[in-house]
Structures are given as C-alpha cells and as structure tokens.
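# Commentary on secondary and tertiary structure
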Amino acid sequence: RPNNERAFQIRTSSGSVDKHWWLRDQDVDVAAPPNAPLLALIDDVDTGASGDMDADNVNEAYEKLSRLIETLEKSAAHPLVIDQGWQQAARTAESLSRRTEALRQLPETTRRLVAVTKRLLALPVKKERDVDNDATPSVGGVEADALEAALNLAFLDPTTADQLLPDIRSHVVAPRAAARLAIMSRLNQLSETAPDHMWEIAETVAAEEQNSEVLRFVLSFLNQLVHVDPERVEGMVLYLLRRGVLASPKAKREIEGATGNVLALLWVSHERASARAIIDEWLERPEEHKEEFGQIAFCIRSGLVLGYDHEDVKDDLIRRRCQELAAHVIEVTASMLDAYLETPPDEIGPDGPDRAGALAQIMDRMSDQFYFASGATAERHRNESATLSTPALRLRFLKENHTTLWRIGTSGTPHTIYHLIELMDFLSDADPPTVFDHVAHALLVGGRRHGFHFESLGANRFVKVIGRFLADYRSLFNEPKRRSQLIECLNVFAQAGWPAARRLLFQLPELLR
C-alpha cells in the first residue's frame, strides 16, 4: 500500500554556518595555502576583541591585531581574502578603541593602536563616491570603522587627539557618505580634547553636506551640544535651514523631528530669539510641520513641571517658557481647527480634512504633555512617584496653566478630552470647585462638539470622575450652577445611551441629599 503523504509538511534541521560561504561563492579556494592561514588568523582576531575586556585582554587582542596587519602587508592570498582581513582589522581597532579605561593603563599599546588606525585610514578606498545623496550610507567598512576608532582614541587626551586630527580632517569632505556619517556619529568625542577642531569640522559638514542620513547625524550632534554652546548651535541650525537641505524627502521625519527638538531646547533653555522666530514661522502653517511640533511637544514635557519641587530662578524661567510655548501652539492650532469646523462644507478645499487632521494631531500631542508631565500616569499605576506629589504643588500647576487647560477643554478632540479629564481627576484634591468647572466645560463644549459622549471609554471615565466628586466633594453641588452643570453632563451621556450614566442620573437625588 503506497504512503499517503501529506500535501504540506514542515521539517527542521540544524547545522553550523560556513563562515566563508561568500568567498566560496566567488570561487575562492579557502583551503589553499595562501588563503587558509590568513583566514584562520582573521577568525582568531575576530573572537579575541569581544565581550568584557580588562587591560590584559586588550593587550592580548592588540597583539593579535598587530600580527594580522603584519601578515596582510606581505600576504599573497586572494584579493578578496586580503579585503576581508583589512575589514576585520578595522573592526577590531574600533572595538579596542572603545576600551577607554583599559587603554589609559596601557600607554604603549595606545600609541601602537593609534599608529594602526592611521595606517588603516591611509588605505586606498575602492568606492570613489556615492551616486545618490539621498541613499542610506552603508554601515561599516574599513574607512568608516577606522574613522570611528580614531575619534574614540581622540577622546583619551589632547595629545592623542592632535596625532589623529590630520587624518580625521582629511576625510571630512570625503565623497563617500559612510565616511562622513562615521565622523558625525562620533564627533562629540572631541568636545573635551579638541573642542575648537570639533566645531570647525561640524561647520564644514553643515556647510556642504547633502546626504539626508548624514544630516540627521549632524542634527543629532547639535542636540547633544546645544547646552555647551547655544549660540553656535543656533547659528548652524539656521544655516542648515537657509540651505534648504533639511527638507529632503528621504529620512524627512527624523530630520524634521531633530530640527524641532534642537530649536525647542534653544528657546526654552537659553531663550534664543532666532530659534523662537523659526517656531513662530512654522505656526503660520503648522500642518506642514507636524513632525517638528510632535518633537517639540515631547522635548518640553519635563519642562512643564520643572522647579515645582525646589526653588531655582533659572528652572522657573525654563518652566514658564515651556508653558507659554505649549499654550501658544495649542491656541494657534485650536483657533485654526475652530475656523475649519465653522466653515460651510461647500467652501472647504480638497486638502481641508487632511489639514484639519494635522492640526488636531498637533494640538492633541501638545495638550497631552500636561497630563504626562504632571505625573498623573504614575499616580494611576502606582509604579513610580508622581511629579506633583502634594496638593499644594498640584494647585500651583493648576493655577499656572488654568487658561491653557480651559482652552483645551474648548476645542479638544475626544482623545485630548479623555486625557484632560484624567488630569483633572489627578488634580481634584488641589481645588475641587475649579477642577469640576474644568471637567464640565470640557464635556459640554469641546467634548460635545467632537462627540466625546459617544465614546465608551469616555463615558466610563466621566462616570468614575463624577462618582468621586459626589463621594468626596458633595457640598460643591449645593450651588445651583454646578448642580445644573452636573445634571446637563449626565444627560448628555444618558441620551447617548450609556447605562452607567443613566443609573447615576436616576440615583442623583438620593446622592445629593
């Protein structure tokens, strides 16, 4: 009887990977006498510079690297094997260059590693230039790894930096984006040992760079150094903006986000007027700068509550600038969104809905920062201490941001209103009457306008908050105006069909006795 095999079967197997499969694919005889010894040495070096390393390990790994380079200089192996050897040498040099503490105990090994790095940087590069300035540069390679090693070693001390700077500078305007990216990714290593040269190199790249991925690393560098020299950083960002290279469609989100972040830091931390002017210019058409404002919102989050738990004039100024910037962005985007909603449908252009969506997203992201900065999430999850840890601090936060929070309640979308109500729940013990007024305003104005009462999560959250007010602050509703607001809020949710709201509405006379 023949076997009735299944039409589909899964079989598994395992085995070791051939390290040199790609050489065999290129018809290289890896077992031939010139190739095999060199490949064995390459493999030995590969395993010798990994994991945790003390001074002895670093010294031993360097000796292996030194033997590999001596062999490469005179080897008659296949050119592809030779290339593999130089690539391994560069990777190992970069790995050893990161062992800063060990190298400081080994001055002679450091001196020899510097010489090896200079030798690697002097090797001819086969790829002359990049064809596409928007292409993502390849990672690694002899040149890039050697440049990273050079910058890591330059971090050790000014003398070492001086030895390597001519080699580094010769690659600053290299026609290969991978080399320029390697320099920008580690350029901050020079901040202590060669700061003037660091800024000169950065300014050279900023003046000429076209590749979007390298530009992203330029902006990352500026974000790291923004508090070191704000004036210089501001000048470089403004120059990049004038060049127009930050609008490249390739890696656009990352570049725009990094630009927004550095400009926000320049304004809120250092009050650089030109940075604020750019942000205000973006607010003329905020929908075109959604990524920038998203990063600005995240950047200023911690600043919204900075200094509440201690007295510091500088921190107070930073906090006020953060709060003012957030308030301004919310006011502008909310006003534009209100204007859109008041426009007759036949007068709305084809891009109107997309623009309105972008405005709502910017306002939502900025509004949410008050909720996350306050520590309300920490209080809810009980997994960390809240930022505003006492009623007095929460009251101060509420007073300073009263107008902004009220504006959010006027125009917020359902997601925005949900977080606003959670924030108000967290602040409720600071000033119960004011907090209830905010909740009622958000539900009856912005919430009703955007359909918050049709959201199940919104209904549940509202009933929970109102239940707490009735339990803890019942006397608030002795005032006729607040009592009528409470009834109107419950009616809105009850008419939307939510059983919890109906039950609370029916129980209200008894609860208010």
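In what follows, the structure referred to is the one given above.
Below is a short write-up of the structure.

Cut-offs used in this document
- Residues numbered from 1 in each chain as written.
- Predicted model: local features only at pLDDT ≥ 70, side-chain atom pairs only at ≥ 80, totals over all residues.
- Heavy atoms only, no water.
- Helix = DSSP H or I, 4+ residues; strand = E, 2+ residues; numbered from the N terminus.
- Buried < 20%, exposed > 50% of the residue type's maximum accessible area, 1.4 Å probe, protein only.
- Contact = heavy atoms within 4.5 Å.
- Expected span 1.5 Å × (residues − 1).
- Core = buried A, V, L, I, M, F, W, Y, C linked by side-chain atoms within 4.5 Å.
- Phe/Tyr/Trp six-rings, centres within 6.5 Å; stacked < 30°, edge-to-face > 60°.
- Polar contact = N/O pair within 3.5 Å; in protein donor to acceptor, adjacent residues only side chain to side chain.

As for its position among the elements, phenylalanine 370 is in helix H17 (residues 352–374). When its relative accessible area of 0% is taken as the criterion, phenylalanine 370 is described as buried. Distance in space between the C-alpha atoms of phenylalanine 370 and asparagine 401 is 8.9 Å, their sequence separation being 31 residues. Setting aside residues up to four positions removed in sequence, phenylalanine 370 forms contacts with Leu304, Ala326, Ile330, Phe397, Asn401, Thr404, Leu405, Ile408 and Leu423.

So, about helix H24 (residues 480–495). Helix length check: H24 (16 residues) gives 22 Å between terminal C-alpha atoms against 22 Å at 1.5 Å per residue, within 8%. Those residues of H24 that sit buried are Arg482, Gln485, Leu486, Cys489, Leu490, Val492, Phe493 and Ala494. Looking one or two places after H24, you find glycine 497, whose phi comes out positive at around 100 degrees.

In terms of nonpolar packing, the biggest core is built from 163 residues, with Leu120 and Leu222 touching the most fellow members. A total of ten residues in this core trace back to one element, the largest contributor, which is helix H16 (residues 313–342). Excluding residues that lie within four positions of it along the chain, leucine 120 makes contacts with Trp86, Ala89, Ala90, Ala93, Val142 and Ala146.

Using the criterion set out here, one finds ten aromatic pairs in the structure. Geometrically, the ring pair formed by phenylalanine 462 and phenylalanine 493 is stacked, given 4.6 Å between the ring centres and 10 degrees between the ring planes. Of the two residues, phenylalanine 462 sits in helix H23 (residues 456–472) while phenylalanine 493 sits in helix H24, which places them 31 residues apart along the sequence. Residue phenylalanine 462 is classed as buried on the basis of its relative accessible area, which comes to 0%.

Trans is the prevailing form of peptide bonds, just as negative phi is the prevailing case for residues other than glycine. A positive phi angle, near 60 degrees, is found at aspartate 27, a position not held by glycine. Despite not being glycine, glutamate 271 has its phi angle at roughly 55 degrees, a positive value. Relative to the helices and strands, glutamate 271 is located in the loop between helix H13 (252–270) and helix H14 (273–282). We classify glutamate 271 as partly exposed; its relative accessible area is 48%.

Before going further, it helps to examine the side chain of arginine 180. Within the fold, arginine 180 resides in helix H9 (residues 177–186). Side chain to side chain, arginine 180 and glutamate 209 meet in a polar contact 2.6 Å long.

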